[in-house]
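Summary of the model geometry
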Amino acid sequence: MSHTSPNLLVATADQVAFVKVIGRANVASSVHFKSLIGNLRENGYKNYVVDLAECTTMDSTFLGVLI
């Protein structure tokens with residue numbers, strides 16, 4: 001079984017940031033996700049759409065960061 005980190009894909013339009021999580025969302029990837037959202041906030045984005053359709057699993061740490 002492969003334990004790969006998820007890909008985080010980002011697109012922005014009209015002050016909305018779209019983030020797609022592909023793969024496993026876990027404690028390791030939560031650091032990258034939190035940093036990504038922080039950078040988007042610093043650049044003025046206040047509205048987000050998070051697509052989890054291709055997120056295969058999510059642990060409680062990533063869920064906590066997401067909330």
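Below you will find a few notes about this structure. (Residues numbered from 1 in each chain as written. Predicted model: local features only at pLDDT ≥ 70, side-chain atom pairs only at ≥ 80, totals over all residues. Heavy atoms only, no water.)

1. Topic: the overall build of the protein chain
Quick note on the threshold: In DSSP terms, a helix is any run of H or I states spanning at least four residues, a strand is any run of E spanning at least two, and both are numbered starting from the N terminus. Each residue gets one of three labels from its accessible area relative to the maximum for its type: buried under 20%, exposed over 50%, partly exposed in between, using a 1.4 Å probe on protein chains only. The method behind every accessible area is Shrake-Rupley, applied with a 1.4 Å probe, and residues are considered shielded solely by the protein chains displayed. As used throughout, the charge tally considers Lys and Arg to be positive and Asp and Glu to be negative, leaving His and the chain termini uncounted. A charged residue contributes its charge at one atom only: NZ of Lys, CZ of Arg, CG of Asp or CD of Glu.
Check the secondary structure of the protein chain and you find 2 helices and 4 strands. If you list the helices and strands of the protein chain from N to C, you get β-β-α-β-β-α. Sorting the 67 residues of the protein chain into buried and exposed places 25% on the buried side. Counting only carbon and sulfur atoms, one obtains 54% of the accessible surface of the protein chain, whose full area is about 4500 Å². Positive and negative side-chain charges of the protein chain, numbering 5 and 5 respectively, have mean locations separated by a distance of 6 Å.

2. Quick word on the nonpolar core
Counted only if it meets this: Side-chain atoms within 4.5 Å are what join buried Ala, Val, Leu, Ile, Met, Phe, Trp, Tyr and Cys residues into a set we call a nonpolar core. In what follows, residue pairs with any heavy atoms lying within 4.5 Å of each other are defined as contacts.
Counting residues in hydrophobic clusters, the biggest one holds 11 residues: Ala17, Val19, Val21, Ala25, Phe33, Leu36, Ile37, Leu40, Tyr45, Cys55 and Phe62. Residue assignment for this core shows that the elements contributing at least two residues are β2 (16–25) and α1 (27–42). Those residues in contact with cysteine 55 that lie beyond four places of it in its chain are Val21, Gly23 and Ala25.

3. Description of the pairing of strand β3 (residues 47–51)
To keep it simple, the criterion reads: DSSP calls a pair of strands paired once it identifies at least 2 bridges connecting them. For a crossover, the right-handed case is the one in which the path from the first strand over the helix to the second runs clockwise, viewed with the strands pointing away from the viewer.
Judged from the 5 bridges that link them, β2 and β3 form a sheet pairing that is parallel. Its bridge partner being in β3, phenylalanine 18 is matched across the sheet by valine 49. Crossover connection from β2 via α1 to parallel β3: handedness right-handed.

4. As for α1
The following threshold applies: What a helix is expected to span follows from its residue count: subtract one and scale by 1.5 Å. The directions considered for the arc are those from the helix axis to the C-beta atoms. Under this definition, polar contacts are N or O atom pairs within 3.5 Å; protein pairs additionally need one hydrogen-donor-capable and one acceptor-capable atom, and for neighbouring residues in sequence, both atoms have to be side-chain atoms.
Across its 16 residues, α1 extends 23 Å between first and last C-alpha, which sits within 8% of the 22 Å expected from 1.5 Å per residue. Taken residue by residue, α1 has Ser29, Ser30, Phe33, Leu36, Ile37 and Leu40 as its buried positions. Across the axial projection of α1, the buried residues extend over an arc of 125°, all falling on one side. Among the exposed residues of α1, those oriented more than 90 degrees off its buried face are Val31, His32, Lys34 and Glu42. Structurally, α1 contributes buried residues whose contacts are with β1 (7–13), β2, β3 and α2 (60–66). Its side-chain oxygen placed 3.2 Å from the backbone nitrogen of alanine 28, asparagine 26 serves as the N-cap of α1. Two residues or fewer after α1 comes glycine 44, characterised by a positive phi angle close to 95°.

Keep in mind these numbers describe shape, not what the thing actually does.
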